[in-house]
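If you want the building blocks of each chain, they are given just below.
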Amino acid sequence: MTRLVLVHGINQQGKSEELLRKDWVCHICRGLGKAGALDQLEIDVPFYGDELKRLSDTSDVVAVSQGPDGKPDADEAAFLASALMETASEAGIGPAAIAAEQRAIARQSGDLAHEQGLIMNRRFNAIVRLLERVSPLHGKLVMRILKQAHSYLKKPGAARAVDAIVGPALEQGPSIIVAHSLGTVVTFKLLRQMASEGNPVTVPLYVTVGSPLPLMAVQAALGPEFSRPPGVERWINAGDPDDFITLGKGLDKATFADGIENLLDVENDLDDPHSIGGYLADKRIATAIGKACGV
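We now turn to the structure provided with this report. What you see is a predicted model; the values in this text were computed from it and never measured.

It is worth spelling out the packing of aromatic side chains at this point. What describes a pair of aromatic rings is the distance from one ring centre to the other and the angle between the planes of the rings. For the structure on display, the rule yields six aromatic pairs. Look at phenylalanine 226 and phenylalanine 256: their rings are 5.0 Å apart centre to centre, the planes differ by 40 degrees, and that puts the pair in the tilted class. With phenylalanine 226 in the loop between α9 (216-222) and β5 (235-238) and phenylalanine 256 in the loop between β5 and β6 (261-263), the pair connects residues that are 30 residues apart, well separated along the chain. Taking relative accessible area as the criterion, phenylalanine 226 reaches 22% and is therefore assigned partly exposed. According to the relative accessible area criterion, phenylalanine 256 is buried, its value standing at 7%. One aromatic cluster is present, formed by Phe188, Tyr206, Phe226, Trp235 and Phe256 through successive ring pairs.

Structural data, given as structure tokens:
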């Protein structure tokens, strides 16, 4: 029997494999219109939320992490700056608006902070505040995802820890893989890596939802090449037009790779267009998962 592997994204610390399994299965069954449709399946939910939180500096989601020397982490700052500017641009926020918001923050603070790190954080704060005016959730959500994405992509210890949890779940045989948010980055990287090592995983269906893979900063950190990994027979990528993490973009020949089906009109939760619920409950996505699983 084909296995179903569900791979979560960021900010899942304090939860558990069992809690996520029940939540995701409930949403898929809602989309299928059939309660208990997946009850007979082998479902694996590699849970790395607590480990990633431990290895990521998320005490302040706006500030740049400090390096061992007590100075701002320059690599993280560059990654965040690139991704935030790309996100702001897609939201119609230009340099003039960001500069004006920075001046407003300076006035509010009395302009007492002159250290480079604080000025850098002020710029990030300006973008986050502007994004939050479009949606109260977006700014902080973007920063949380980007900071944990940076930890995973750029800190070897974090990548090894997460890969050690997710990798074995992918290696066990033919699997339907459904991934959300940062989970799409983790699974794509692992599937590509396994194939390059001569051990491609058979994946009849690979579903990515709310993926940050269209972000150029994420792609630069992942490094080439971008293509449908060998063994992946069908790849469906879905996005809500209001999900800031996807930038409203699909994964196609222009943005990522050819051979990927895109559903970019998903109507997710109005309060959180990045949430997993609306993605999995979309009838097209749920039906594709159910059909691939033989239910």
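From this point, the narrative continues.
Turning to the environment of leucine 264, a few remarks are in order. The topology assignment puts leucine 264 in the loop between β6 and α10 (276-281). Given the relative accessible area of 36%, leucine 264 is considered partly exposed. Distance in space between the C-alpha atoms of leucine 264 and proline 241 is 6.4 Å, their sequence separation being 23 residues. With near-sequence residues (within four places) excluded, leucine 264 lies in contact with Asn237, Gly239, Pro241, Lys249 and Gly250.

This brings us to the pairing of strand β3 (residues 175-180). For β3, the buried fraction is high: six of the six residues fall into the buried class. Burial along β3 is two-sided: the residues Ser175, Ile177 and Ala179 and Ile176, Val178 and His180 are all buried. In this structure, β3 lies alongside strand β4 (residues 206-209), joined through four bridges in parallel fashion. In the sheet register, histidine 180 faces β4, and the bridge partner there is valine 209. The handedness of the β3 to β4 crossover, carried by helix α8 (residues 182-196), is right-handed.

About the thresholds
Residues numbered from 1 in each chain as written. Predicted model: local features only at pLDDT ≥ 70, side-chain atom pairs only at ≥ 80, totals over all residues. Heavy atoms only, no water. Phe/Tyr/Trp six-rings, centres within 6.5 Å; stacked < 30°, edge-to-face > 60°. Helix = DSSP H or I, 4+ residues; strand = E, 2+ residues; numbered from the N terminus. Buried < 20%, exposed > 50% of the residue type's maximum accessible area, 1.4 Å probe, protein only. Contact = heavy atoms within 4.5 Å. Pairing = 2+ DSSP bridges. Right-handed = clockwise from strand over helix to strand, strands pointing away.

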